[in-house]
Amino acid sequence: MFLDVLVFITQLKGLYSYFMCPYQNSGRSVRSKRRRSTKEPFYFVATCASGLEELVQEEIASLGGKDPVVSPGAVTWQTSSLKTAYLACLWSRFSSRILLRLKQFEAATPEDLYTEAGKIDWSKHFNADTRFAVYCTLVNSELNHSHYASLKIKDAVVDQFRRRTGKRPDVDIRSPDLRLNLHVDGTAAALSLDLSGDSLHRRGYRSGAGEAPLKETLAAAIAHLAGVRVGMPADFCLLDPMCGSGTLLIEAALIVGDSAPGLLRENFGFQHWLGHNEKMWQTLVDEAVQRDDQHAESAWPTIIGYDADPQVVAIARKNITNAGLTDRIVIKQRQLARLHPPVAHGLLLTNPPYGERLSEKEAAKYLYRALGRTFCQYFSGWQLGFFTANPDLADMLGISWQGRYRLFNGPLKCRLLTAEAVPSVEASAETDEQGLRLSLQENDPDLPAQDFAHRLHKNCRRLFPWAEEQDITCFRIYDADIPEYNVAVDIYEQWVHVQEYEPPATVPQEKAEERFNEALQVIRHLLAVPHSQLFIKKRKKQKGKEQYQKRPGTAGKKGKQGKLYEVHEGGCRFLVNFTDYLDTGLFLDHRKTRAMLGQLAEGKTFLNLFAYTGSATVYAAQGGAVSTRTVDLSEKYLIRAQANLALNGFGGLPHQFSEADCLQWLRSCRDRYAVIFVDPPTFSNSRHKKIVFDVQQDHPELLRLAMNRLSRDGVLIFSTNFRKFQLDKSLEEEFVVQEITEQTLPEDFQGKGTIHRCWHFMHHNYNDEDA
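As the structure is a prediction and not an experimental result, all values here were calculated from the model. (Residues numbered from 1 in each chain as written. Predicted model: local features only at pLDDT ≥ 70, side-chain atom pairs only at ≥ 80, totals over all residues. Heavy atoms only, no water.)

1. A look at the overall build of the chain
Then, number 1: Scanning the chain from terminus to terminus reveals 20 helices and 29 strands.
Then, number 2: Counting the 771 residues in the chain, one finds 53% classified as buried.
Then, number 3: Residue pairs at least 24 apart in sequence account for 73% of intrachain contacts in the chain once pairs closer than 6 positions are excluded.
Then, number 4: If you sum the accessible surface of the chain, you get close to 36900 Å²; carbon and sulfur atoms cover 49% of it. (Helix = DSSP H or I, 4+ residues; strand = E, 2+ residues; numbered from the N terminus. Buried < 20%, exposed > 50% of the residue type's maximum accessible area, 1.4 Å probe, protein only. Contact = heavy atoms within 4.5 Å. Areas by Shrake-Rupley, 256 points an atom, 1.4 Å probe, with all protein chains shown as cover.)

2. With respect to the pairing of strand S5 (residues 132-139)
Then, number 1: Pairing of S5 with strand S6 (residues 178-185), which is carried by 8 bridges, proceeds in the parallel orientation. Across the sheet, Thr 137 pairs through a bridge with His 183, a residue of S6.
Then, number 2: The β-α-β motif built from S5, the intervening helix H5 (residues 146-165) and the parallel element S6 has left-handed crossover chirality. (Pairing = 2+ DSSP bridges. Right-handed = clockwise from strand over helix to strand, strands pointing away.)

3. Some remarks on the pattern of salt bridges
Then, number 1: One pass over the structure, following the stated rule, counts 29 salt bridges.
Then, number 2: Taking the shortest distance from any N to any O, the salt bridge between Asp 129 and Lys 167 comes out at 3.3 Å. Of this pair, Asp 129 sits in the loop between helix H4 (110-118) and S5 while Lys 167 sits in the loop between H5 and S6, placing them 38 residues apart in sequence.
Then, number 3: According to the relative accessible area criterion, Asp 129 is exposed, its value standing at 61%.
Then, number 4: For Lys 167, a relative accessible area of 43% puts it in the partly exposed group.
Then, number 5: Linking Asp 198 and Arg 179 is a salt bridge whose minimum nitrogen-to-oxygen distance equals 2.8 Å. In this pair, Asp 198 is assigned in the loop between strand S7 (188-194) and helix H6 (216-225) and Arg 179 in strand S6, connecting sequence segments 19 residues apart. (Salt bridge = Lys/Arg side-chain N within 4 Å of Asp/Glu carboxyl O.)

4. A short note on the environment of Phe 161
Then, number 1: Mapped onto the secondary structure, Phe 161 falls in helix H5.
Then, number 2: Beyond its immediate stretch of four places on either side in the chain, Phe 161 contacts Trp 122, Ser 123, Phe 126, Asn 127, Ala 128, Gly 166, Lys 167, Arg 168 and Pro 169.

5. Some thoughts on the environment of Lys 124
Then, number 1: Structurally, Lys 124 is set in the loop between H4 and S5.
Then, number 2: For Lys 124, a relative accessible area of 59% puts it in the exposed group.
Then, number 3: Placed 151 residues apart in sequence, Lys 124 and Gly 275 show a C-alpha to C-alpha distance of 7.4 Å.
Then, number 4: If we ignore the near neighbours within four places in the chain, the residues touching Lys 124 are Leu 274 and Gly 275.

6. Focus: the packing of aromatic side chains
Then, number 1: Enumeration over the complete set of coordinates arrives at 33 aromatic pairs.
Then, number 2: When the centroid spacing of 4.7 Å and the interplanar angle of 70° are considered together, the rings of Phe 270 and Trp 281 count as edge-to-face. Of this pair, Phe 270 sits in the loop between helix H7 (247-256) and helix H8 (278-296) while Trp 281 sits in helix H8, and the two are 11 residues apart along the sequence.
Then, number 3: With a relative accessible area of 5%, Trp 281 lands in the buried category.
Then, number 4: Here a set of aromatic residues connected by ring pairs shows up, and it is made of Tyr 492, Trp 495, Phe 535, Tyr 565 and Phe 578.
Then, number 5: Taking NZ or CZ as reference, Arg 265 lies 4.6 Å from the ring centre of Phe 268, over its face. (Phe/Tyr/Trp six-rings, centres within 6.5 Å; stacked < 30°, edge-to-face > 60°. Lys NZ or Arg CZ within 6 Å of the ring centre and 35° of its normal.)

7. A word on the sheet that holds strand S13 (residues 403-409)
Then, number 1: Spatial ordering of the open sheet is given by S10-S9-S8-S11-S12-S14-S13, a layout of 7 strands whose pairing is mixed. Two strands bound the open sheet, and with one partner strand each, they are strand S10 (329-333) and S13. Direction aside, the axes of adjacent strands within the sheet are offset by 20° on average.
Then, number 2: Taken together, the 5 bridges between strand S9 (residues 302-307) and S10 define a ladder with parallel strand orientation. Bridge pairing in S10 links Tyr 306 to Lys 332.
Then, number 3: Running over the sheet, H6 touches strand S11 (345-350), strand S12 (382-388), S13 and strand S14 (412-420) and is turned about 175° from S13.
Then, number 4: Together, strand S8 (236-240), S9, S10 and S11 form the strand contacts of H7, whose direction differs from that of S8 by roughly 155°. (Axes fitted to C-alpha atoms, helices over the stretch in contact; angles between N-to-C directions.)

8. So, the environment of Asp 258
Then, number 1: Residue position: Asp 258 is located in the loop between H7 and H8.
Then, number 2: Expressed as a C-alpha distance, the spacing of Asp 258 and Asp 292, which sit 34 residues apart in the sequence, is 6.0 Å.
Then, number 3: Those residues in contact with Asp 258 that sit more than four places away from it in its chain are Trp 91, Arg 93, Val 230, Arg 291, Asp 292 and His 295.
Then, number 4: Within the structure, Asp 258 has its side chain in polar contact with the side chain of Arg 291 (distance 2.9 Å). (Polar contact = N/O pair within 3.5 Å; in protein donor to acceptor, adjacent residues only side chain to side chain.)

9. Comments concerning helix H15 (residues 615-623)
Then, number 1: Of all 9 residues making up H15, 7 are buried, and the element is well covered by its neighbours.
Then, number 2: Of the residues making up H15, those classed as buried are Ser 615, Ala 616, Thr 617, Val 618, Tyr 619, Ala 620 and Ala 621.
Then, number 3: Note on H15: the residue one or two positions beyond its end, Gly 624, has a positive phi of about 110°.

10. Some words on the sheet that holds strand S4 (residues 97-106)
Then, number 1: The strand order S2-S3-S1-S4-S7-S6-S5 describes an open sheet built from 7 strands, whose pairing is mixed. The sheet terminates laterally at strand S2 (66-71) and S5, the two strands that pair on one side only. Strand after strand, the sheet turns through a mean of 30° between neighbouring axes, direction not considered.
Then, number 2: Against the sheet, H4 engages S4, S6 and S7, with an angle of about 110° to S4.
Then, number 3: Along the sheet, H5 makes contact with S5, S6 and S7, crossing S5 at roughly 140°.

Right, dumping it as structure tokens:
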């Protein structure tokens with residue numbers, strides 16, 4: 001009986017355990033499972049542009065990511081919380097995307113992709129109403145078509161939803177709610193959920209951009225590496241002299257103000273993810289807003305941007321307004337030529353144009369030189385952060401770089417170079433070169449050609465002091481003064497340029513060569529000029545534009561240009577070529593004409609026809625022209641003209657160039673100009689374009705067309721080197737015409753015949769009509 005009772009009690013305990021304990025055990029099991037699930041780490045990946053990996057690694061570590069690991073283009077870390085991923089989306093300045101790794105597997109075939117993607121429970125991440133897209137990258141993979149690989153993942157996701165719910169989510173590659181990221185390296189595949197949505201470089205403030213804009217993430221990296229930090233002092237200045245759409249300055253300001261770049265975004269991918277923790281995210285956003293407000297109340301450094309292009313300036317101002325930084329960043333239209341430091345200390349940070357076409361590359365090269373010269377000359381106490389897609393041209397700045405960083409702007413290999421404003425050896429040497437640097441020696445009675453020697457010595461004794469007093473470094477010292485020595489001798493600072501005119505038919509060739517060699521011996525002795533600084537050419541009567549064609553034997557490698565030397569005149573700088581052509585690129589007899597044009601062009605629009613190397617345009621820009629147009633039929637000389645302007649710190653939209661026949665261009669032009677310079681060749685015959693021009697025959701039509709483009713109160717200067725030229729009398733009846741030849745002949749060309757003739761044109765009664 002006792003045993004029966006004991007068995008019964010035991011059975012009751014068993015029933016109790018059967019019915020009651022499952023609930024207790026179930027509770028413990030759920031809690032235990034929940035504890036285990038929270039301990040299972042999330043696996044995150046921050047992708048970035050090549051060269052930014054270490055910066056992203058530092059960011060992730062500072063945001064709480066434990067032991068972030070760097071690999072090419074990515075930084076990975078594990079954590080038990082979503083917090084670091086949210087912080088990365090909100091605060092990362094350098095990352096492109098933040099990914100949540102869902103699964104890693106082997107994928108040798110497209111079927112493997114479908115099978116493995118189908119093993120993921122997609123209902124835990126989004127529902128059938130969510131629009132999604134799959135993006136794929138393949139590296140050394142047997143899967144050779146990224147679009148097909150993406151389709152296999154898409155099919156796996158859609159088929160799973162269709163089997164379970166009878167519904168399928170839509171695919172939207174343009175504006176998905178959620179993005180899935182597939183990366184396959186060899187056969188190793190990783191499938192991730194993109195928490196960022198749009199790339200993190202899309203901050204949300206940029207409504208427009210100039211040419212070749214920087215991504216915001218790269219701009220932030222440039223600013224950071226150049227030394228921009230939170231809370232820079234109020235007496236400091238951040239200055240970008242070629243700011244483009246303002247991205248560099250905006251990113252620098254966000255760093256200074258401790259502003260989270262993600263605050264400007266309206267949407268993130270994780271906001272459409274079922275695992276999103278809205279409470280945690282909102283808390284982090286509130287903290288970021290609080291930090292931003294704290295720094296908004298403190299003193300800021302001065303932040304200034306300049307650009308030559310008024311359209312780009314308008315874009316930059318719009319972007320700054322969108323970023324909420326209107327009261328922090330000042331943008332103005334200004335040429336590099338007008339650049340000066342606004343305060344004693346600061347950082348000049350810039351990404352200058354690098355150019356894709358040949359003309360743009362040449363201009364960029366000399367723009368770099370202008371920037372380096374200005375920085376060394378005026379910015380003592382400043383730092384420089386110089387980002388370029390043309391690292392080979394960085395030496396043009398003449399600066400000793402202290403820091404070099406390899407970065408990429410898309411596929412372009414770039415460099416960020418940093419330095420302090422310490423005058424370099426190159427800059428000092430350049431300053432010295434502005435002087436004459438040639439000494440006049442006494443005449444040696446043992447020299448041959450004593451008549452020539454006496455005349456050259458006499459000319460130099462008169463002209464050297466005059467040139468020094470007038471600060472002129474390029475001038476003529478001899479021009480066939482003695483018929484037997486039929487040469488022209490020009491000084492270009494420390495270089496001497498000698499041209500032998502074609503001898504008369506009555507002079508035997510041997511005698512002409514003997515006299516020329518004697519003249520060279522005298523020149524070398526009196527000017528103490530070494531062979532490397534003496535350039536010799538033989539000149540003959542030219543037909544058409546032969547003076548603009550390469551001289552025989554000077555081409556070297558096909559298409560290779562001879563060395564360009566920099567010379568100075570009237571506060572401007574010019575590139576001259578002593579070897580390739582008969583003319584150097586700077587007509588010395590037009591020195592006073594150029595100075596006159598520079599004065600006339602102040603505050604006005606300027607047109608340069610038959611512009612050659614654009615020296616008159618440089619004077620006009622330096623004189624304060626609001627805009628210039630340079631027209632010439634020769635592409636190579638327009639390239640030099642652009643380089644000349646860039647060398648002086650001018651460029652951009654206000655200074656335009658047109659490769660065209662000037663007569664045809666004038667027929668189609670509808671703009672008006674306040675100052676026009678017309679300096680045509682005596683004769684031109686372009687066989688390729690079937691264009692023939694004769695100044696005596698064609699100048700009436702040319703000048704009438706040009707006067708049609710002259711504003712009613714404007715001035716046109718017409719010049720010609722044709723010694724037998726006769727101005728058409730009817731032009732003097734139609735317009736107010738005054739010959740100003742004597743006013744335009746420089747001292748070093750007077751008394752040597754009329755090397756050019758020049759006229760001043762205006763409209764009659766211009767005050768009676770609006771300009």
